[in-house]
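# Architecture at a glance
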Amino acid sequence: MNRRRTGSFFYTPAKAQDLPPAHTHQKDGVLGWIVRVIRRICLWIGGLFLFSFCMGMLVAFVIGGGRSLPDDMILVLNVTDPIGETEHARSITDPLASAGMTVGDLIDTLDRARDDDRVKGLLVSLDHAGLELAHIQELRTAIKRFRTSGKFAYIYTASFADLGSGIGAYYLASAFDKIWMQPVGMVSVTGLALEMPFARDVLDKIGVNPEFLHREEYKSAMESYTNNHMSAPNRESMQSIVDDLSQKIFTDIAADRKIPSVKLQAIIDKGLLTGDQALKDGVIDRLDYADVLVDKTREDVTGEKDSDALPLVTVEDYM
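Everything in this summary refers to the structure shown in the same document. (Residues numbered from 1 in each chain as written. Predicted model: local features only at pLDDT ≥ 70, side-chain atom pairs only at ≥ 80, totals over all residues. Heavy atoms only, no water.)

## Re unusual backbone geometry
Of note, the phi angle at Glu-216 is positive, near 65°, even though the residue is not glycine. Along the chain, the position of Glu-216 falls in the loop between α5 (200–205) and α6 (223–226). A residue is classified by how much of its surface remains accessible, and Glu-216, at 56% relative accessible area, is exposed. (Helix = DSSP H or I, 4+ residues; strand = E, 2+ residues; numbered from the N terminus. Buried < 20%, exposed > 50% of the residue type's maximum accessible area, 1.4 Å probe, protein only.)

Now the structure itself:
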């Protein structure tokens, strides 16, 4: 008599007595329950992060995959935040946020656009973003390289005096072909200044006696803790730095704006210029609004008034 074979050839059903009991889970106390809860939470967080990442990549592919640059364009850049040397830090709540553009990114993009026949020029809107002097000098050099290709570079700002001295913003603007400013704006180029805080009085009040090795009189790095005022050698060295930077800025602005040094010094000595006075002194090229600048630029390039045929492309998109 043949016995009936059940299941797969490689599978033999277990006997009832070989099966484990239905309820063999042992209670492992509160600690085990906490571990299981934490493990599930971590799995949920990891799953949500992976889902967000995949969706972000999908959206970026769908949106950016089919986008192409036009045959003719004007690059535009709105400087509303400081542009630094490193990318913006991403937060845990928004890990897929844009990293932002660095000074190096902007310079590389301008150098590429200089040799790109599709790019006709550059429009920059400056909103006093607090750029560092070293970054301003690098960007000025890049702007001038861009202009050597015969392409225009115009800059627009509401004012060069919103936050006190606008010397840094104006120093950057002087590297452009034309400077446009809002009609009610003002220009303030009052020069440079350095500040140094001193904490010795505070340390004395809390009973702290600072002790640092001091090598020669011009080594003043620790003066902020050992003194309550600036020493004569320290003041001398700081003043020499201010003088050198001021002379460099003054010389560059005079050359770029083609203003004689004597006249430029007289302008700076005025401290604050209204828009009309700045236009009269040759500090700016036109008083008008941003939309007028865009329309005028398009007309100059295409030869057609009120032409929308020349698209504006942000530097970020072009990059």
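## Observations concerning the environment of Asp-72
Structurally, the position occupied by Asp-72 is in the loop between α1 (29–65) and β1 (73–79). In sequence terms Asp-72 and Arg-118 are 46 residues apart; their C-alpha atoms lie 4.5 Å from each other. Ignoring anything within four residues of it in the chain, the contact list for Asp-72 reads Arg-118, Lys-120, Leu-310 and Pro-311. One polar contact links Asp-72 to Lys-120, side chain to side chain, over a distance of 3.2 Å. (Contact = heavy atoms within 4.5 Å. Polar contact = N/O pair within 3.5 Å; in protein donor to acceptor, adjacent residues only side chain to side chain.)

## As for the sheet that holds strand β4 (residues 178–181)
The strand order β7-β4-β3-β2-β1-β8 describes an open sheet built from six strands, whose pairing is parallel. This sheet does not close on itself; its edge strands, each paired only once, are β7 (286–287) and β8 (312–314). Where strand β2 (residues 119–126) meets strand β3 (residues 152–157), six bridges bridge the pair, whose relative direction is parallel. Bridging across to β3, Ser-125 finds its partner in Tyr-156. Packing against the sheet, helix α10 (residues 290–302) makes contact with β1, β2, β3, β4, β7 and β8, and its axis sits at approximately 165° to β3. (Pairing = 2+ DSSP bridges. Axes fitted to C-alpha atoms, helices over the stretch in contact; angles between N-to-C directions.)

## Thoughts on the pattern of salt bridges
If you walk through the whole model with that rule in mind, you get 13 salt bridges. When the shortest N-O distance is used, the salt bridge between Arg-140 and Asp-256 registers 2.6 Å. Of this pair, Arg-140 sits in helix α3 (residues 133–147) while Asp-256 sits in helix α7 (residues 232–257); the two residues are 116 residues apart in sequence, bridging distant segments of the chain. Classification of Arg-140 as buried rests on a relative accessible area of 3%. Residue Lys-144 is joined to Asp-256 by a salt bridge in which the shortest nitrogen-to-oxygen separation is 2.9 Å. Remark: Asp-256 occurs in helix α7 and Lys-144 occurs in helix α3; sequence separation between them is 112 residues. (Salt bridge = Lys/Arg side-chain N within 4 Å of Asp/Glu carboxyl O.)

## What about the pairing of β1?
Most of β1 is tucked away: six of the seven residues are buried. Bridge count for β1 against β2 is seven bridges, and the pairing is parallel. Across the sheet, Ile-74 pairs through a bridge with Gly-121, a residue of β2. For β1 and β8, the ladder comprises three bridges, and the chain directions are parallel. Note that in β8 the partner of Val-76 across the bridge is Thr-314.

## A look at a nonpolar patch on the surface
Taken together, the side chains of Val-30, Trp-33, Ile-34 and Ile-38 make up a nonpolar region of the molecular surface, amounting to roughly 420 Å² of accessible area. Its location among the elements puts Ile-34 in helix α1. For Ile-34, a relative accessible area of 37% gives the class partly exposed. (Patch = residues over 30% accessible without salt bridge, like charges linked within 9 Å, V, L, I, M, F, W, Y side chains within 5 Å. Areas by Shrake-Rupley, 256 points an atom, 1.4 Å probe, with all protein chains shown as cover.)

## A word on the packing of α7 against helix α8 (residues 261–270)
Direction vectors running N to C along α7 and α8 enclose 115°, while the axes themselves pass 10 Å from each other. Regarding α7 and α8, the two cross each other, and that crossing is right-handed. Contacts between α7 and α8 pair Phe-250, Ile-253 and Ala-254 from the former with Ser-261, Leu-264, Gln-265 and Ile-268 from the latter. Of the residues assigned to the contact of α7 with α8, the class counts are five nonpolar, two polar and no charged. (Left-handed = near helix turned anticlockwise from the far one by under 90°. Nonpolar A, V, L, I, M, F, W, Y, C, P; charged D, E, K, R; others polar.)

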